[in-house]
Amino acid sequence: MSEYENLRTADIIAEALIDWNVNVIFGLPGDGINGFIEALRQRQNKIKFILVRHEESAAFMACAYAKYTGKLGACVATSGPGAIHLLNGLYDAKADNTPVIAITGTTYSDLMNSSYQQDVNLLQLYSDVAVYNAIINNPEQTEMAVDIACRNAMSQKGVSHLTIPIDVQEMRLKGRYSRHKVGGHTSDVSIPKFTSDPKLIEKAANILNSGERVVVLVGQGALGAGDEVIAVAERLGAPVVKALLGKAVIPDIHPVSIGGLGLLGTDPASDAMNEADTLLMIGTSFPYIDYLPKPGQAKGIQIDIKAEKIGLRYPVEVGLVGDSRLTLAALHPLLWQKRNLDFLRSKQQAMKNWIDLLKERSTRTDKPIKPQVIAAAVSAELKDDAIISVDSGTITSWAARYINIRKGMKFSLSGTLASMACGLPYAIAAQIAFPERQSVAFVGDGGFTMLMGEFATAVQYDLPIKVVIIKNDILGMIRWEQMAFLGNPEFGVEFTPIDYTSFAEACGGKGYSIKEPNEVDSIMHEAMSDKKPAIIEAYVDPFDPPMPPKVEMEFVRKLAESFTKGQPYAKRIGLTLFRNQVHERLKDFHHHQIDHHDHHQQE
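In short, a report on the structure. (Residues numbered from 1 in each chain as written. Predicted model: local features only at pLDDT ≥ 70, side-chain atom pairs only at ≥ 80, totals over all residues. Heavy atoms only, no water.)

### Here we look at helix α1 (residues 9-19)
Link 1 in the chain: The buried fraction of α1 is high, at nine of 11 residues.
Link 2 in the chain: Listed in full, the buried residues belonging to α1 are T9, A10, D11, I12, I13, A14, E15, A16 and L17.
Link 3 in the chain: The inward-facing, buried residues of α1 abut α2 (34-41), β4 (100-106), α7 (139-156), β6 (159-165) and α8 (166-170). (Buried < 20%, exposed > 50% of the residue type's maximum accessible area, 1.4 Å probe, protein only. Helix = DSSP H or I, 4+ residues; strand = E, 2+ residues; numbered from the N terminus. Contact = heavy atoms within 4.5 Å.)

Shown next, in the form of structure tokens:
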């Protein structure tokens, strides 16, 4: 006799999820899934249901919960529109290799495919996003289906989807198995971590030992392996470059860290990639391959938990399939201590210069306030165990460069999908996962307004998240993409303003507004110390562009082209760019004068 004898299908699903250590599920009820919602109501002491304002948020939250905890994320939605709304957040999980299970309702089993109300072919709809995608047709199938779904999500680091007709949710298990089915044959055994073949690890070590200019590139897959990454980098005399999802792998201020790569990255990181003769990639599928060494320039070694990612972005000599921490621990004893550290030291000196430049940019007192100033103020208020969730847009640039991650912090965003609207749901999920830790959402006004109703969710569950909104009433990144990538004038990117402080108060939270440069630090500190959910809106210069680490002539040419085609704010943008350049050159001149004076004093 099965342990689930006479239980409803919906109850079996809930019990099986609990067996897989799912204790939080995000979602929104509806008549297509209310049988399962009742199962959750009866198990509130075992699995917490978080009611959201939009199903897209539920999927984002499930993804973030999995990213921040390492556990299986879970979300639930009703049939038809509810299930459709989940998709964007689920694609976020798929793109960032994050284990999530989505439970959806579907119409009555004897009315499917008859154009009945909310009758959507969810198996077809979810076929691209899910690594496992199934409909539960009867109670006898249920435990097996949930076990397979959870196991696939965890082992393949992806999305599993189960949909259940309304009537099937209410059916009870009677043990009427088919001829070859045996009740209780399935299990919820977790997937162990593993490492690669020792002979391959030895081969990788030999290549790394022979390299003179080794660069380490880390991503999300190296989270939790920070100590091992540092140990390997120090032995190899290798600077560490971080893909954005790997920002929290090692502290930003660690001596081997030279920051991020790509448009949001640092000058030293770009130079290191151009000079490398050996590249060690750890847990990353960094998509912008034009920022990696040119094929043939450097020998490649790659560590990844997913075999299909090996060699995806860069041709490698050796691919090590396995857990990053275990693999690095096995690799480290085989590496020689580099004696010549000139390559690392040159990048460390360049990084000091880069940090000085960022400090100069983030301490300006111009009005309107520079967005970099707000990012630096957020960074200064972060606790040692803070969790920072970032949205997509120009906000990503400011976070990548000006928020300094220390050991013990967590940081994430919609990395590969780069979806707007993720920041607020991510912060809510982080606060639910870690109630005692500081949870901060760093967002732009464009992304925030997409799912701003979820601030009321934070209030409803008394989650003291802090939402810092960079307010410029424009889709900033899209403006610069239109201008600098295509040479076109901006179009369709301006919004009418919203009073976010009043919105915060209307939801039952606290609202703060920063308008003057001299009040940035004091208001940020007051808001971050508040015990209630709070929004901090910061009015910033809408004409300050997120510049790439190296400004190519093509970038300048495209901007000029957009001006000639009728860019509406050409004078304001041109003036801002000019002032930024003059300001930095004057600063450099000032430093040069001081250095020159000091030199003569010493003489």
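### Here we look at the pattern of salt bridges
Opposite charge on two side chains permits pairing when their charged atoms draw close.
Link 1 in the chain: Tallied over the full model, the rule gives 25 salt bridges.
Link 2 in the chain: A salt bridge links D271 to K550; the nearest nitrogen and oxygen atoms lie 3.0 Å apart. Highlighted residues: D271 in helix α11 (residues 267-275) and K550 in the loop between β18 (534-539) and α22 (553-564), separated in sequence by 279 residues.
Link 3 in the chain: Take D271: its relative accessible area is 23%, and that puts it in the partly exposed class.
Link 4 in the chain: Take K550: its relative accessible area is 32%, and that puts it in the partly exposed class.
Link 5 in the chain: R557 is paired through a salt bridge with E554; the nearest N and O atoms lie 2.9 Å apart. Here E554 and R557 lie together in helix α22, a separation of three residues that amounts to about one turn.
Link 6 in the chain: On the basis of relative accessible area, R557 is assigned to the partly exposed category, the value being 43%.
Link 7 in the chain: On the accessibility criterion, E554 (42% relative accessible area) is partly exposed.
Link 8 in the chain: Within the structure, one salt-bridge network assembled from shared partners comprises R8, D11, E15, R43 and E170. (Salt bridge = Lys/Arg side-chain N within 4 Å of Asp/Glu carboxyl O.)

### Points about the pairing of strand β5 (residues 130-135)
Link 1 in the chain: Pairing geometry for β5 and β6, over five bridges, is parallel. Note that in β6 the partner of N133 across the bridge is H161.
Link 2 in the chain: The parallel pair β5 and β6, bridged by α7, forms a crossover whose chirality is right-handed. (Pairing = 2+ DSSP bridges. Right-handed = clockwise from strand over helix to strand, strands pointing away.)

### As for the packing of aromatic side chains
Link 1 in the chain: Within this structure, the stated rule accounts for nine aromatic pairs.
Link 2 in the chain: Considering the side-chain rings of F60 and Y426, the 6.3 Å spacing of their centres and the 65° angle between planes classify their relative orientation as edge-to-face. Here Y426 lies in helix α16 (residues 423-433) and F60 lies in helix α3 (residues 55-69), a separation of 366 residues in the sequence. Side by side, F60 and Y426 carry an identical accessibility label, which is buried.
Link 3 in the chain: Pairing F286 with Y288 gives two aromatic rings, centres 5.8 Å apart and planes at 70°, and the pair type is edge-to-face.
Link 4 in the chain: Accessibility expressed as a relative area gives 6% for F286, which makes it buried.
Link 5 in the chain: Chaining the aromatic ring pairs together yields one cluster made of F448, F455, Y500 and F503. (Phe/Tyr/Trp six-rings, centres within 6.5 Å; stacked < 30°, edge-to-face > 60°.)

### Section: the nonpolar core
Link 1 in the chain: I374, V378 and F442 are the most contacted members of the largest nonpolar core, which totals 56 residues.
Link 2 in the chain: When neighbours within four sequence positions are excluded, I374 is seen to be in contact with I369, F442, V468, I470, I514, V520, M524, A538 and V540. (Core = buried A, V, L, I, M, F, W, Y, C linked by side-chain atoms within 4.5 Å.)

### Describing helix α20 (residues 500-507)
Link 1 in the chain: Every buried residue of α20 is listed here: Y500, T501, F503 and A504. Projected down its long axis, α20 shows its buried positions confined to an angular sector of 160°, all on one face.
Link 2 in the chain: Of the surrounding elements, those touching the buried residues of α20 are α17 (445-450), α18 (454-460), β16 (466-471), β17 (510-514) and β18.
Link 3 in the chain: Backbone geometry just downstream of α20 places G508 in the positive-phi region, at approximately 105°. (Arc of directions from axis to C-beta.)

### Considering the pairing of strand β7 (residues 214-218)
Link 1 in the chain: With five of five residues buried, β7 is to be regarded as a mostly interior element.
Link 2 in the chain: Burial of β7 is two-sided: the residues V214, V216 and V218 facing one way and the residues V215 and L217 facing the other way are all buried.
Link 3 in the chain: Strand direction decides the pairing type here: β7 and strand β10 (residues 278-282), joined by five bridges, are parallel. If you follow V214 over to β10, its bridge partner there is T278.
Link 4 in the chain: For β7 and strand β8 (residues 240-242), the ladder comprises three bridges, and the chain directions are parallel. The residue bridging L217 from the neighbouring strand is V241, located in β8.
Link 5 in the chain: One crossover worth recording links β7 to the parallel β8 by way of helix α10 (residues 226-236), and it is right-handed.

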